[in-house]
Amino acid sequence: MTATSDHMIDLTPAFHFDFELELAAELFCAAAPATRQRGRSTRDLDTALHDLEPQLPGPGQQLDKYLLERPIGIGGFAVVYRARHLLLDTTFALKLLRPSVLRNRPELASLLGEEARMAAKIHHPNVVRVVDVTMGGAHSYIVMEYISGPDLSAMLRQKGLLPAKMVMRIVGHVAAALRAGLSQQLVHRDIKPSNILLTREGVTKLVDFGLARSHEIRVDHGAVVGTLGYMSPEHMENPQAVDHRSDIFSLGVTAYRAVTGVLPVTASTAAQALALLRSQPITPPHRLNPKVNVEVGNLIMCCLLYTSPSPRDGLLSRMPSSA
């Protein structure tokens, strides 16, 4: 890994594969037909949506110029619908903040708009485009490019793990997306398999760029809400101060999970995860999966170690030899 400018990290020399624009079509074909629609079935999502918050709009309802066709994802802060722009007759993904979240955190609407404006400045083939935003009023939502393929999480649930060459191509695409974000001074802050989408054309797309910061909530005067297992040590300690190095760590965890089938550290709380990262060595992925060559394993380990001397210095001193 080499620095191209201040805070710009170029990961391309570490890869032996061409990943700038093309990903083999076999990537999409590797997912079984059942995984090609992300998440649960439409009926399950409709039921879950009603049970979660009956006041949320359902399929067939209209928000401004968008017709909500069906929900395609439900999260702690938002619901994602497949929606059709009535004037353009074009399909988009519409991410609507949940009303209960807005009642407790009304400032999220303005934060959402601010982050969406920044994310919309990123124009890159490996980043899902943000095309519209509405904040305030009865509903606050973001409109994004619609991706019909599965996400990496669905593929891993089906396959367990993926060939290292395929994973490195995905990682390379995500690295290119992160570099594009850095050109706009944006840090993703939530790199994980469910935020990595795989198009039918075989291109990897990173979603929610720049939006994770708006959605992050602190509770109980310091507890961190995030994606446990993928957060860097510094994210767990001080999420407001993380930079691009935290994204590199999360990308390394994602690759580790994809080639080994397990996470580097498994814990039930952020405090436990942080303690384990500081006290136990991480087993190199090529030791867990002999099909992963040493060079790929070392690259993944570098992603887990690349940061300032603190707080990951303990990881470096306790990491076993990768040979």
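These figures come from a predicted structure and were not determined experimentally.

### Things to note about the pairing of strand E4 (residues 66–74)
- Here strand E3 (residues 62–63) runs beside E4; their pairing, made up of two bridges, is antiparallel. Within E4, the position partnered with Leu63 by the bridge is Tyr66.
- Count of turn residues in the E3/E4 antiparallel hairpin: two residues, of which Asp64 carries a positive phi of about 55 degrees.
- In terms of strand pairing, E4 meets strand E5 (residues 78–85) through seven bridges, oriented antiparallel. Looking at E5, one finds that Leu68 is bridged to Ala83.
- Linking two consecutive strands that pair antiparallel, namely E4 and E5, is a turn of three residues.

### A few points about the pattern of salt bridges
- Counted by the stated rule, this structure contains 10 salt bridges.
- Where Arg278 meets Glu237, a salt bridge forms, and the shortest distance between an N and an O atom there is 2.7 Å. Taken together, the residues Arg278 in helix H10 (residues 270–279) and Glu237 in helix H8 (residues 233–237) connect sequence positions 41 residues apart.
- Residue Arg278 is classed as partly exposed on the basis of its relative accessible area, which comes to 32%.
- With a shortest N-O distance of 2.5 Å, Arg245 and Asp243 are connected by a salt bridge.
- Of the residues examined, Arg245 reaches a relative accessible area of 23% and is grouped as partly exposed.
- Salt bridges linked by common partners bring Glu69, Arg82, Arg84 and Asp89 together as one network.

### Some points on the nonpolar core
- Leu162, Val167, Met168, Val174 and Leu206 are the most contacted members of the largest nonpolar core, which totals 44 residues.
- At the level of secondary structure, the elements contributing two or more residues to this core comprise helix H5 (152–159), helix H6 (164–182), strand E9 (196–198), helix H9 (244–260), H10 and helix H12 (294–305).
- The leading source of residues in this core is H6, at 11 residues.
- With residues near it in sequence (within four places) discarded, Leu162 still touches Leu152, Met155, Leu156, Val167, Ile170, Ala258 and Val259.
- One finds Leu108, Ala116, Ile142 and Met144 within the second-largest nonpolar core, a separate group that totals 16 residues.

Rules and cut-offs
- Residues numbered from 1 in each chain as written.
- Predicted model: local features only at pLDDT ≥ 70, side-chain atom pairs only at ≥ 80, totals over all residues.
- Heavy atoms only, no water.
- Pairing = 2+ DSSP bridges.
- Helix = DSSP H or I, 4+ residues; strand = E, 2+ residues; numbered from the N terminus.
- Salt bridge = Lys/Arg side-chain N within 4 Å of Asp/Glu carboxyl O.
- Buried < 20%, exposed > 50% of the residue type's maximum accessible area, 1.4 Å probe, protein only.
- Core = buried A, V, L, I, M, F, W, Y, C linked by side-chain atoms within 4.5 Å.
- Contact = heavy atoms within 4.5 Å.

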